[in-house]
Amino acid sequence: MKTNVSQWHWFEASASTHQTVKAIAQYGPIARIELAQKLGLTQGALSRITSDLMYWGVIREVQNTKNPTVDMNHPSDNAPLKKHRIGRGRPKTSLELCAQQRSFIGINIHSTGITATVTDALCVPQGKCLNEPLKGTDVTSVVRQLGDIALRCSASSPVRPAMIGISLGGHSVDGRTVTYAPFLKWDGDVRLAEMIEDSCSTPTLLSNDLDALLLHENWFSNAVNVPRFALVTIGSGIGYALSENGEAVDRPDRSYGLVGHIPLDAEGPVCYAGHAGCSQCLTTDSIVSEYATIIGKPCSIEEFMNDVNADRPQARRLIDRSCYRLGIFIAIMCNFAMPDKVLIGGETSSLYRHNLESIRKGMNAYRPTQAANIDFAIPDFSWDSWAISAAATAIAKYIG
Ligand SMILES: [Zn+2]
């Protein structure tokens with residue numbers, strides 16, 4: 001499928017116009033005065049931009065129901081609102097995205113399966129996410145399964161999806177070609193986006209799954225209005241990403257597992273690179289291996305979690321120690337990067353909810369007592385949020 005420029009964007013306009021829509025998506029509903037301040041635009045310049053966007057059906061004006069004070073600073077008039085006039089002013093209004101006008105498909109490919117969702121333009125899922133195991137890892141099987149899933153998502157969408165966002169643990173070039181995806185064991189570059197477009201006729205964007213999660217946090221979730229935000233994912237590896245004022249801190253080498261071998265516990269298990277107790281000890285495989293050594297027989301992560309939930313002493317001691325190690329990791333990361341907020345995600349993250357007190361102790365052991373408490377959260381893990389994040393990358397591309 002040959003995609004043209006207009007298919008990749010909601011509208012074609014100036015950089016300021018795209019920035020305005022991005023800010024409305026992130027902060028909306030938002031008052032004009034606040035929006036102008038955030039964008040560094042005059043009220044007049046913003047008015048010209050927003051009137052175009054309202055005419056195109058991208059944004060709309062909504063009444064503030066919580067704060068009925070009058071806005072004396074907005075000079076322009078709007079006939080339908082005249083009946084709400086109070087004295088010389090009028091009720092405050094805000095701007096928001098016309099979210100239901102567009103839909104997006106988000107798909108995450110992970111080691112155990114594929115999760116997909118349909119969202120509106122504010123990345124709100126329009127139904128239940130779809131989860132299914134990978135039918136095969138060869139390129140033909142994956143493309144066929146992704147195409148089939150995308151068509152089913154499209155059929156369930158209230159409006160024809162504008163774009164498909166696909167995220168996976170690996171690297172892609174220009175959002176088009178997968179160059180590295182170790183869990184799929186593909187040999188050489190795969191022009192995955194083009195293959196999906198051929199079967200679905202919908203513009204498709206590829207992204208790294210950690211980048212997608214961070215973008216979603218910055219645009220639609222925990223990192224909105226947070227000056228500096230850190231995201232850590234724990235699963236088969238350790239992922240780390242940082243954003244500043246809503247933008248990812250970017251380096252060409254950021255996705256090569258930079259924090260995968262931070263020293264945490266000199267008495268911890270030895271990783272494949274020969275380090276004792278480096279941050280690999282937080283990963284699923286390392287915890288399972290360490291527990292197997294302790295109990296003297298092979299086990300799975302599910303068996304370990306069952307033993308933790310059953311409060312078996314050996315499992316309890318290991319989870320307490322693992323939480324303490326995570327606390328050290330967070331303290332080291334926060335001492336260097338100084339984020340305002342930290343989010344811990346990934347498929348093993350739920351394990352660390354078992355002892356938040358040990359995490360705090362680990363943090364406190366490596367952080368000056370005068371330093372502020374670290375604001376961190378470990379939300380319930382679900383692959384759904386990874387699929388939703390993939391949709392967020394498509395929305396960002398489509399708006400930007
Ligand atoms: Zn290591």
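Parameters at a glance
Residues numbered from 1 in each chain as written. Predicted model: local features only at pLDDT ≥ 70, side-chain atom pairs only at ≥ 80, totals over all residues. Heavy atoms only, no water. Pairing = 2+ DSSP bridges. Helix = DSSP H or I, 4+ residues; strand = E, 2+ residues; numbered from the N terminus. Donors = N, O, S within 2.8 Å, 3.2 Å for Na, K, Ca; no water. Tetrahedral: all angles 85-135°; square planar, octahedral: opposite > 155°, others 65-115°. Domains from an automatic or database assignment. Contact = heavy atoms within 4.5 Å. Buried area = accessible area lost by both parts, 1.4 Å probe. Polar contact = N/O pair within 3.5 Å; in protein donor to acceptor, adjacent residues only side chain to side chain. Nonpolar A, V, L, I, M, F, W, Y, C, P; charged D, E, K, R; others polar. 1 Å grid on protein atoms, 1.4 Å probe; cavity = no way out; pocket = protein on both sides within 12 Å on 5 of 7 lines; lining within 4 Å. Points joined across faces, edges and corners; volume = space filled by probe spheres on them. Buried < 20%, exposed > 50% of the residue type's maximum accessible area, 1.4 Å probe, protein only. Expected span 1.5 Å × (residues − 1).

Asks: Even after reading the chapter, I still don't get the pairing of strand E9 (residues 177-180), so can you show me in this structure?
Replies: Moving residue by residue along a regular strand, the side chains alternate between the two faces of the sheet. Where strand E8 (residues 171-173) lies against E9, three bridges are found, and the strand directions are antiparallel. Along E9, the bridge assignment pairs His-171 with Tyr-180. Following E8, the chain reverses through three residues before pairing antiparallel with E9; Asp-174 in that reversal takes a positive phi of roughly 55°.

Asks: Help me understand the coordination of the zinc ion in this model?
Replies: Reference values for angles at a metal are 109.5 degrees in the four-donor tetrahedral case and 90 or 180 degrees in the six-donor octahedral case. The coordination sphere of the zinc ion, as far as protein atoms go, consists of His-261 (ND1), Cys-271 (SG), His-275 (ND1) and Cys-278 (SG), spread over 2.0 to 2.3 Å. One can describe the site at the zinc ion as tetrahedral: its four donor atoms subtend angles covering 97 to 128° at the metal. Every donor residue of the zinc ion comes from the same chain, spaced as H-x9-C-x3-H-x2-C. Remark: His-275 occurs in the loop between strand E13 (247-248) and helix H8 (284-295) and His-261 occurs in the loop between E13 and H8; sequence separation between them is 14 residues.

Asks: Explanation requested: the sheet that holds strand E14 (residues 341-345) in the structure shown.
Replies: Adjacent strands of a sheet form backbone hydrogen bonds with each other and so pair up, either parallel or antiparallel. With mixed pairing, five strands are arranged side by side in an open sheet as E13-E12-E11-E14-E15. Lying at the two open borders of the sheet, with one neighbouring strand each, are E13 and strand E15 (376-377). Bridge count between strand E11 (residues 228-234) and E14: five bridges; the pairing is parallel. Residue pairing for E14: Phe-229 is matched across the bridge by Lys-341.

Asks: Any chance you could explain the domain arrangement of the chain here in plain terms?
Replies: A common way to report how large an interface is uses the accessible area buried once the components associate. Annotation of the chain at the domain level lists domain 1 (5-97), domain 2 (102-215 + 384-399) and domain 3 (227-380). The interface is formed by ten residues belonging to domain 1 together with 13 residues belonging to domain 2. For the pair domain 1 and domain 2, the summed buried area comes to about 1100 Å², and 69% of that belongs to carbon and sulfur atoms. Where domain 1 packs against domain 2, one counts three residue pairs in polar contact (both at pLDDT 80 or more). The set of elements that each furnish at least two residues to the side of domain 1 that touches domain 2 consists of helix H1 (5-8) and helix H2 (15-27). Ranked by the residues each element gives to the side of domain 1 that touches domain 2, the list is headed by H2, at four residues. Classifying every residue of the side of domain 1 that touches domain 2 gives six nonpolar, three polar and one charged.

Asks: Is there a simple way to explain the layout of surface pockets in this structure?
Replies: Any empty space left between atoms is shown by rolling a water-sized probe over those atoms. The calculated volume of the largest pocket comes to roughly 1200 Å³. Together, 42 residues line the largest pocket, and Gly-169, Asp-209, Gly-237, Ile-238 and Gly-239 are the ones closest to its centre. Going through the elements one at a time, strand E4 (103-110), helix H7 (209-220), E11, strand E12 (238-244) and helix H12 (383-399) are the ones with two or more residues in the lining of the largest pocket. Examining the composition of the lining of the largest pocket, we find that five residues originate from one element, E12, more than from any other. Here the residues of the lining of the largest pocket are counted per class, giving 19 nonpolar, 18 polar and five charged. Lining the lining of the largest pocket are residues from two domains, each supplying at least three of them: domain 2 (102-215 + 384-399) and domain 3 (227-380). Taken as a whole, the second largest pocket encloses approximately 710 Å³ of empty space.

Asks: Just checking my understanding: could you explain unusual backbone geometry for this structure?
Replies: Leaving glycine out, the prevailing phi sign among residues is negative, and the prevailing peptide bond configuration is trans. Here Gly-28 and Pro-29 are connected by a cis peptide whose omega angle stands at -5°. Along the chain, Pro-29 turns up in the loop between H2 and strand E1 (30-31). One non-glycine residue, Lys-185, lies in positive phi territory at about 55°. Phi at Asn-225 is positive, roughly 70°, even though this residue is not glycine. With respect to the helices and strands, Asn-225 occurs in the loop between H7 and E11. The class of Asn-225 is exposed, set by a relative accessible area of 54%.

Asks: So what exactly am I meant to see when it comes to H7 here?
Replies: Three- or four-residue spacings in an α-helix give side chains the same orientation, since the helix completes a turn every 3.6 residues. Taking 1.5 Å of rise per residue, twelve residues should cover 16 Å, and H7 covers 16 Å from first to last C-alpha, within 8% of that figure. Counting buried residues along H7, ten of its twelve residues qualify, which places the element largely inside the surrounding structure. All of the buried residues in H7 are Asp-209, Leu-210, Ala-212, Leu-213, Leu-214, His-216, Glu-217, Asn-218, Trp-219 and Phe-220. Capping the start of H7, Asn-208 holds a side-chain oxygen 2.9 Å from the backbone nitrogen of Leu-210, two or three residues further along.

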